[in-house]
Amino acid sequence: MQEPVFSYVPGTSFLHTLDPRTKLAAVMLLGILVFRTESFFGIGVIFALFIALASFTGLPTGIFFRAVRPMLLFIIFIFLAQLFFTEGKVLASFWILQPSIEGLQNGLRLSARFILLLLFAALMTASTDPSAITCGIERILRPLPLRWLGVNSYELATMMNISIAFLPLLFERVERTKAAQASRGMYFGRNPFHSVPALVIPLIRGIVRDAEELALAMESRGYQGTRRTSMHELLMQKRDWASLFALVFFAALLLRF
Amino acid sequence: MIRFENVSYNYPDGTPALRNINMGIRKGEYIGIIGKNGSGKSTMSLHLNGLLRPQKGKVMVRGMDTGDFSKLQGIRKIVGIVFQNPETQFVGRTVEEDLAFGPENLCLPPMEIRRRVNRALAETGLEKYRYHSPKSLSGGQGQCVALAGVLAMEPECLVFDEVTSMLDPDSGKTVLERVKRLHEKGKTIVYITHNLEELHAADRIIVMDRGRIVLEGKPENVLSDPSLRALGLTPPSLIELAEHLKNHGVAVPWEKTSCPSSFAEEICRLFLKM
Ligand SMILES: Nc1ncnc2c1ncn2[C@@H]1O[C@H](COP(=O)(O)OP(=O)(O)OP(=O)(O)O)[C@@H](O)[C@H]1O
Ligand SMILES: [Mg+2]
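As a convention, each chain's residues are numbered from 1 in the sequence order in which they are written. For this description, chains carry letters from A and ligands carry numbers from 1, given in the order in which they are written. The predicted nature of this model means local features are confined to residues of pLDDT at least 70 and side-chain atom pairs, given and counted, to a pLDDT of 80 or more, with totals for whole chains, interfaces and linings taken over all residues. Calculated side-chain values reflect all of the structure's heavy atoms, with hydrogen atoms and water omitted.

Moving on, we get to the overall build of chain A. Put simply, DSSP H or I for four residues or longer makes a helix, DSSP E for two residues or longer makes a strand, and each gets a number counted from the N terminus. Along chain A, the regular secondary structure elements total ten helices and zero strands. Going from N to C terminus, chain A has its helices and strands arranged as α-α-α-α-α-α-α-α-α-α. With respect to the three principal axes, the spread of C-alpha positions in chain A is 60 × 60 × 40 Å. The buried share of chain A, reckoned over its 257 residues, is 39%. Here a residue-residue contact requires only that any non-hydrogen atoms of the pair lie within 4.5 Å. When contacts within chain A are restricted to residue pairs at least 6 apart in sequence, those whose partners lie at least 24 apart make up 70%. Counting only carbon and sulfur atoms, one obtains 69% of the accessible surface of chain A, whose full area is about 15300 Å². The positive count covers Lys and Arg only, the negative count covers Asp and Glu only, and His and the chain ends enter neither. A single reference atom marks each charge: NZ on Lys, CZ on Arg, CG on Asp, CD on Glu. Here chain A contributes 24 positively and 16 negatively charged side chains, and the mean placements of these two sets differ by 2 Å. Accessible area is worked out with a 1.4 Å probe on protein chains only. A residue is then buried under 20% of its type maximum, exposed over 50%, and partly exposed in between. Each accessible area is a Shrake-Rupley result for a 1.4 Å probe, and residues are judged covered by the shown protein chains and nothing else.

Pasting the structure below:
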């Protein structure tokens, strides 16, 4: 089986025991911090913070870097765009491309920021049970007037959970429908105008049926889309507040310099 | 504990699925429901905990009317359904999370949810898969997760709708054993199937055809009823064999028809007596 990129690794480290809300807030705070820090020294300090936090989890640091891989192309693109399209002192000249020193700096800075953001997100997902994350989001959203959007925070959280659980089923269905149609003599890839409807119609029919069955099973287990509790006990403890306070202090210090 | 009173139901497209059903299910009973495709078995099962509500007549679960919306949650606490396809019953990314879904809907406190999840895991022997994705499990294990998800709600009555039809015979047997054990522990069981062999241990069998109950009684009477074939059902081969032997004057007692080995033993015993 392919190993998922942002996956949870059960454990008992300090980071594991923090409230998911603390970690969500920390990732947001760090995200802001990363994009407000201009100097390479500052970025280096944040990177050091990441290494320190990662070592807290007791997990090999390498697994966090895996989170960067799927975004690598995007990051390289950003780097090159900055490198070549920033006005400034010309470094060298290749044909019509003229990389500048400012471009190099901007490119490095921006890609470092994205990488750091991904690393911190990976740190959170590796040390937090995914359903605890949704539960945390639900609790953060609960006071918001989502009613105006026609949903409540419970429905939103369940939707997030279900869609993640349901997605693999969807892909499986695509494959199955493809195989079924192929065995009836359909060729794929030849003429997409022909094959797409033949694929999509039974596919949608299948998905609707799956969704109906799922909805019945959910309702049968008492789901009403109203208030529900969670297995995860969310309690902001002293260490949560202490961690957040330390992080804010760290951010303030870094932004001063 | 469950009562159907003159229940009729038509699907929105006009298909009549249940026609004037009257029946009762007692606490602790093990009921088998059989009938060919489209005879209304699933429709009936969906009425058992108010997933469908009758258009005529009413369904009462421990004195609560399934038509009364304020009672629905209470009814679903009492009657849980395990469906045919394990895959479309999973709502969690991990087994543990999936089992927590029901108790979470019942608004239980986190401690109690954990206790129930652990208990359901232990009861179905799924502890080692706690953090696995339900989708990564085999069909039989998947059906166990679905069962555990219902058990975590601690219902009195469990409904199984063709739960073995997507499993290989071995996993099917394991699931069936589990059902029997739950019955021994005092749960009320409603077991829907196409496979009549699975109903040997039932207390009572209900045969459905075109939305009606056409036959009802003890397995020894129903499974050997001559009208089964006409209703599109195949009687278990051992029972059919016993019927033929009876016509030739050889009586094999009902208890011995449950499996080939006991049947063979009985035949040998009869031979030696002759
Ligand atoms: N969602 C639906 N919409 C319309 N008609 C339906 C629907 N579900 C079932 N039916 C029809 O209602 C009748 C009874 O169906 P039901 O699913 O209860 O039968 P069943 O005994 O469970 O069959 P099977 O053995 O195939 O599971 C059938 O004629 C069927 O075609
Ligand atoms: Mg059915």
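So, on to the site of ligand 1. Residues and elements named next belong to chain B. Near, as used in this document, describes a residue that has one of its heavy atoms within 4 Å of the molecule or strand being considered. If you check the shell around ligand 1, you find 14 residues, and the closest are Asn37, Gly38, Lys41, Ser42 and Thr43. Counted as a polar contact is a pair of N or O atoms within 3.5 Å, where, for protein atoms, one must be capable of donating a hydrogen and the other of accepting one, and residues adjacent in sequence contribute only when both atoms are in side chains. Here an oxygen atom of ligand 1 sits 2.8 Å away from a polar atom, N or O, in the main chain of Gly38. Looking at the shell around ligand 1 element by element, the count peaks at three residues for helix H1 (residues 41-48). Classification convention: Asp, Glu, Lys, Arg as charged; Ala, Val, Leu, Ile, Met, Phe, Trp, Tyr, Cys, Pro as nonpolar; all other residues, Gly among them, as polar. Grouping the amino acids of the shell around ligand 1 by side-chain chemistry returns two nonpolar, eight polar and four charged.

Further remarks concern the sheet that holds strand S2 (residues 16-25) of chain B. All names here are of chain B. For two strands to be treated as a pair, DSSP must find no fewer than two bridges joining them. With antiparallel pairing, four strands are arranged side by side in an open sheet as S2-S1-S4-S5. A single partner strand is all that each edge strand has here, and the edge strands are S2 and strand S5 (64-65). Both strand S4 (residues 56-61) and S5 contribute to a ladder of two bridges, which runs antiparallel. Across the sheet, the residue bridging to Val61 is Met64, located in S5.

Opposite the 34 residues of chain A that make contact, chain B presents 35 residues. Taken as a group, A:Ser220, A:Arg221 and A:Met231 account for 28% of the area that chain A buries against chain B, more than any other trio of residues on that side. By salt bridge we mean one thing: a side-chain nitrogen of Lys or Arg within 4 Å of a carboxyl oxygen of Asp or Glu. One can count three salt bridges joining chain A with chain B. Across the pair B:Glu104 and A:Arg228 runs a salt bridge whose closest N-O atoms are separated by 3.0 Å. When residues of the side of chain A that touches chain B are traced back to their parent elements, those giving at least two are helix H7 (130-141), helix H8 (153-183) and helix H9 (192-220) of chain A. Ranked by residues supplied to the side of chain A that touches chain B, first place goes to H8(A) with ten residues. Its residues assigned to classes, the side of chain A that touches chain B shows 14 nonpolar, ten polar and ten charged. Accessible area, probed at 1.4 Å, shrinks when two parts are joined; the buried area is that loss added up over both.

Interfaces are often sized by the amount of accessible area the parts lose when they come together. Residue and element names in this part refer to chain B. Each domain's extent was defined by an automatic or database domain assignment. One can read the domain layout of chain B as domain 1 (2-227) and domain 2 (236-274). Measuring from the centre of the C-alpha atoms in domain 1 to the corresponding centre in domain 2 gives 33 Å. Residue-level contacts link seven residues of domain 1 with seven residues of domain 2. Carbon and sulfur atoms make up 72% of the area that domain 1 and domain 2 hide from each other, which totals about 670 Å². The tally of links from domain 1 across to domain 2 stands at two residue pairs in polar contact (both at pLDDT 80 or more). Of the residues in the side of domain 1 that touches domain 2, the class split is three nonpolar, two polar and two charged.

All names here are of chain B. When you line up the elements, His47 lands in helix H1. Residue class for His47 comes out buried when judged on its relative accessible area of 0%. Separated by 2.8 Å, the side chain of His47 and the backbone oxygen of Thr43 make a polar contact. Look past the residues within four positions of His47 in its chain and what remains in contact with it is Phe4, Val7, Tyr9, Leu18, Leu52, Arg53, Pro54, Val59 and Thr66.

This paragraph deals with the packing of helix H3 (residues 40-57) of chain A against helix H10 (residues 238-256) of chain A. Residue and element names in this part refer to chain A. Following both chains from N to C, one finds H3 and H10 inclined at 160°, their axes separated by 11 Å at the closest point. If you check the angle between H3 and H10, you find them roughly antiparallel. By crossing handedness, the relation of H3 to H10 is classed as right-handed. Contacts between H3 and H10 involve Gly42, Val45, Ile46 and Leu49 on the former and, on the latter, Leu247, Phe250 and Leu254. A per-class count over the contact of H3 with H10 returns six nonpolar, one polar and no charged. Between the N-to-C directions of two axes lies an angle of 0 to 180 degrees, each axis being a line fitted to C-alpha atoms and, for a helix, fitted only over the stretch in contact. Geometric relationships in this document are graded by angle, where less than 35 degrees denotes roughly parallel, more than 145 denotes roughly antiparallel, 65 to 115 denotes roughly perpendicular, and other angles denote oblique. Rotating anticlockwise by less than a right angle from the far helix to the near helix defines a left-handed crossing, while the corresponding clockwise rotation defines a right-handed one.

Considered domain by domain, chain A is made up of domain 1 (14-129 + 235-256) and domain 2 (150-220). In this structure, domain 1 of chain A and domain 2 of chain A have C-alpha centres spaced 36 Å apart.

Each Phe, Tyr or Trp ring (for Trp, its six-membered ring) is paired with any other whose centre lies within 6.5 Å, and the angle between the two planes then decides the class: stacked below 30 degrees, edge-to-face above 60, tilted in between. Throughout the structure, instances matching the rule amount to ten aromatic pairs over all chains. On the numbers, 5.4 Å between centres and 80° between planes, the contact of A:Phe74 with A:Phe114 is edge-to-face. Of this pair, A:Phe74 sits in helix H5 (residues 72-85) while A:Phe114 sits in helix H6 (residues 101-127), and the two are 40 residues apart along the sequence. Here A:Phe74 falls in the partly exposed class, since its relative accessible area comes to 35%. Here the aromatic rings of B:Tyr9 and B:Tyr11 are separated by 5.2 Å at their centres, their planes lie at 85°, and the arrangement is edge-to-face. Site record: aromatic cluster; members linked through ring pairs are A:Phe47, A:Phe50, A:Phe64, A:Phe65 and A:Phe120.

Next up on the list: the environment of B:His248. Residues and elements named next belong to chain B. For His248, the position within the fold is in the loop between helix H8 (237-247) and helix H9 (260-273). Of the residues examined, His248 reaches a relative accessible area of 68% and is grouped as exposed. A polar side-chain atom of His248 sits 3.0 Å from the main-chain carbonyl oxygen of His244.

This part is about helix H5 (residues 139-151) of chain B. Side chains three or four residues apart in an α-helix point the same way, a direct result of the helix having 3.6 residues per turn. Residues and elements named next belong to chain B. By this rule the span expected of a helix is its residue count minus one, scaled by 1.5 Å. The end-to-end C-alpha distance of H5, which contains 13 residues, comes to 18 Å, matching closely the 18 Å that a straight helix rising 1.5 Å per residue would cover. For H5, the tally of buried residues reaches eleven of 13 residues, placing the bulk of the element in the interior. Residues of H5 that are buried: Gly140, Gly142, Gln143, Cys144, Val145, Ala146, Leu147, Ala148, Gly149, Val150 and Leu151. Taken together, the buried residues of H5 touch strand S6 (79-82), helix H3 (95-105), helix H4 (110-124), strand S7 (157-161) and helix H6 (169-184).

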